[in-house]
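Notes for the structure review
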Amino acid sequence: DAKTTQPPSMDCAEGRAANLPCNHSTISGNEYVYWYRQIHSQGPQYIIHGLKNNETNEMASLIITEDRKSSTLILPHATLRDTAVYYCVDQTGANNLFFGTGTRLTVIP
Amino acid sequence: EPEVTQTPSHQVTQMGQEVILRCVPISNHLYFYWYRQILGQKVEFLVSFYNNEISEKSEIFDDQFSVERPDGSNFTLKIRSTKLEDSAMYFCASSERPSRRNIQYFGAGTRLSVL
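The shown structure was predicted, so the numbers you read here are calculated from the model rather than taken from an experiment.

Criteria and thresholds
- What you see as residue numbers is a count from 1 along each chain, following the sequence as written.
- Written order determines the labels here, with chains lettered from A and ligands numbered from 1.
- Totals for whole chains, interfaces and linings use all residues, but because this is a predicted model, local features are given only for residues with pLDDT of at least 70 and pairs of side-chain atoms are given and counted only at 80 or more.
- To obtain the side-chain values, all non-hydrogen atoms of the structure were included, while hydrogens and water were left out.
- By definition, any uninterrupted DSSP run of H or I lasting at least four residues is a helix, any uninterrupted run of E lasting at least two residues is a strand, and each is numbered from the N terminus.
- Note on method: radius of gyration uses C-alpha positions; expected globular size equals 2.2 Å times residues raised to 0.38.
- Residue exposure (1.4 Å probe, protein chains only): buried if accessible area is under 20% of the type maximum, exposed if over 50%, otherwise partly exposed.
- Computed with a 1.4 Å probe, the accessible areas rest on the Shrake-Rupley method; for each residue, only the protein chains presented here act as cover.
- In this count, Lys and Arg are taken as positive residues and Asp and Glu as negative ones, while His and the chain termini are left out.
- Taken as the charge location is NZ of Lys, CZ of Arg, CG of Asp or CD of Glu.
- Whether two residues are in contact is decided by their heavy atoms: any pair within 4.5 Å suffices.
- By definition, disulfides here are pairs of cysteine sulfur atoms that lie within 2.5 Å.
- When DSSP finds two or more bridges between two strands, those strands count as paired.
- Pairing of aromatic rings covers Phe, Tyr and Trp, the last counted by its six-membered ring, and requires centre-to-centre distances within 6.5 Å; plane angles under 30 degrees mean stacked, over 60 mean edge-to-face, and any other angle means tilted.

**Things to note about the overall build of chain B**
Looking only at helices and strands, chain B features zero helices and 11 strands. In chain B, the order of α-helices and β-strands from amino to carboxyl end is β-β-β-β-β-β-β-β-β-β-β. For 115 residues, the compact-globule formula gives about 13 Å, and the C-alpha radius of gyration of chain B, at 13 Å, lands near that figure. Referenced to the eigenvectors of the C-alpha coordinate spread, the extents of chain B come out at roughly 40 × 30 × 30 Å. Across the 115 residues that make up chain B, the buried fraction comes to 45%. When the accessible surface of chain B is totalled, it reaches about 5,900 Å², and 45% of it is carbon and sulfur. Both charge centroids of chain B, one from 12 positive and one from 14 negative side chains, sit 3 Å from each other.

Quick look at the structure:
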């Protein structure tokens, strides 16, 4: 079963920051945390990943706690197009990704 | 921006028939994957492929499934004798290198409908 835990759903007002939490208490020391999203039934889209340090790219920011047991994905200014299911993804085996049930983010006008 | 392309976008087949789903990974990528998503359910890993052989496979990937890289660009998933429960979205993905720091890029998927 999924090694990550996320709330099933969240709402966010358009233009506001969306903060999506994830617990990954069983993550090992050399495993990265990845975030993907899936808009409707499209293929999962890579957002960001990190190991220990906080990360930022053009899509989002990733805050990882010092103990690495949880992280938060931040979409700084959510738009309607950010409505999607967001997955905090664990990497199992050598390279395959284990998707949980994710958080359904709804951006409200 | 380079992308993973999958064909067809929708495949309808009769139970018991063979289907081949096709994928063109990103050109400089070395690691290839198939995932599936039954309607309303999670994205599930099927198989990974590297250096012309299967690297890992899940319990779902039984003898009815096979993968092949027939040439330098295509990566295919074959289901020999489809069952109703094979109906799902099938996603191909590729990554640049096999490592723990592994960003996978997904195609738009093929919707397989088994009647």
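**Some remarks on the environment of Pro109 of chain A**
Residue and element names in this part refer to chain A. Examined against the element boundaries, Pro109 turns out to sit in the segment after strand S10 (103–108). The exposure class of Pro109 is exposed, given its relative accessible area of 80%. Between the C-alpha atom of Pro109 and that of Thr79, which follows or precedes it by 30 residues, the distance is 8.4 Å. Setting aside residues up to four positions removed in sequence, Pro109 forms contacts with Glu14 and Leu80.

**Points about the state of the cysteines**
For the structure on display, the rule yields two disulfides over all chains. Bridging Cys23 of chain B to Cys92 of chain B, the disulfide has an S-S length of 1.9 Å. Classification of the bridge connecting Cys23 of chain B and Cys92 of chain B rests on its S-S torsion, roughly -65°, and on that basis the disulfide is left-handed. Placement of Cys23 of chain B in strand S3 (residues 19–24) and of Cys92 of chain B in strand S9 (residues 88–95) is noted, with a sequence separation of 69 residues between them. For the pair Cys23 of chain B and Cys92 of chain B, a shared accessibility class is recorded, and that class is buried. With no disulfide of its own, Cys12 of chain A has Cys22 of chain A as its nearest cysteine by sulfur position, at a separation of 18 Å. On the accessibility criterion, Cys12 of chain A (7% relative accessible area) is buried.

**Overview of the pairing of strand S6 (residues 53–57) of chain B**
Relative to S6 of chain B, strand S5 (residues 43–50) of chain B runs antiparallel, the two being bridged by four bridges. Counted as the bridge partner of Ser48 of chain B is Glu56 of chain B from S6 of chain B.

**Let's talk about the sheet that holds strand S5 (residues 55–56) of chain A**
Residue and element names in this part refer to chain A. Read from one edge of the open sheet, four strands run S2-S7-S6-S5, paired in antiparallel fashion. The open sheet has two free edges, formed respectively by strand S2 (18–23) and S5, since each of these has just one partner strand. Taken together, the six bridges between S2 and strand S7 (residues 70–75) define a ladder with antiparallel strand orientation. The residue bridging Leu20 from the neighbouring strand is Leu73, located in S7.

**Looking at the packing of aromatic side chains**
This structure, assessed with the given rule, holds 17 aromatic pairs over all chains. Consider the rings of Tyr87 of chain A and Phe99 of chain A, whose centres lie 5.3 Å apart with planes at 90°: the pair is edge-to-face. Residue Tyr87 of chain A is located in strand S8 (residues 84–92), and its partner Phe99 of chain A is located in the loop between strand S9 (96–98) and S10; the two are separated by 12 residues in the primary sequence. On the accessibility criterion, Tyr87 of chain A (4% relative accessible area) is buried. Assessed through its relative accessible area of 1%, Phe99 of chain A is described here as buried. Among the aromatic residues, ring-to-ring pairing joins Tyr36, Tyr46, Tyr87 and Phe99 of chain A together with Tyr31, Tyr33, Tyr35, Phe45, Tyr50, Tyr105 and Phe106 of chain B into one connected group.

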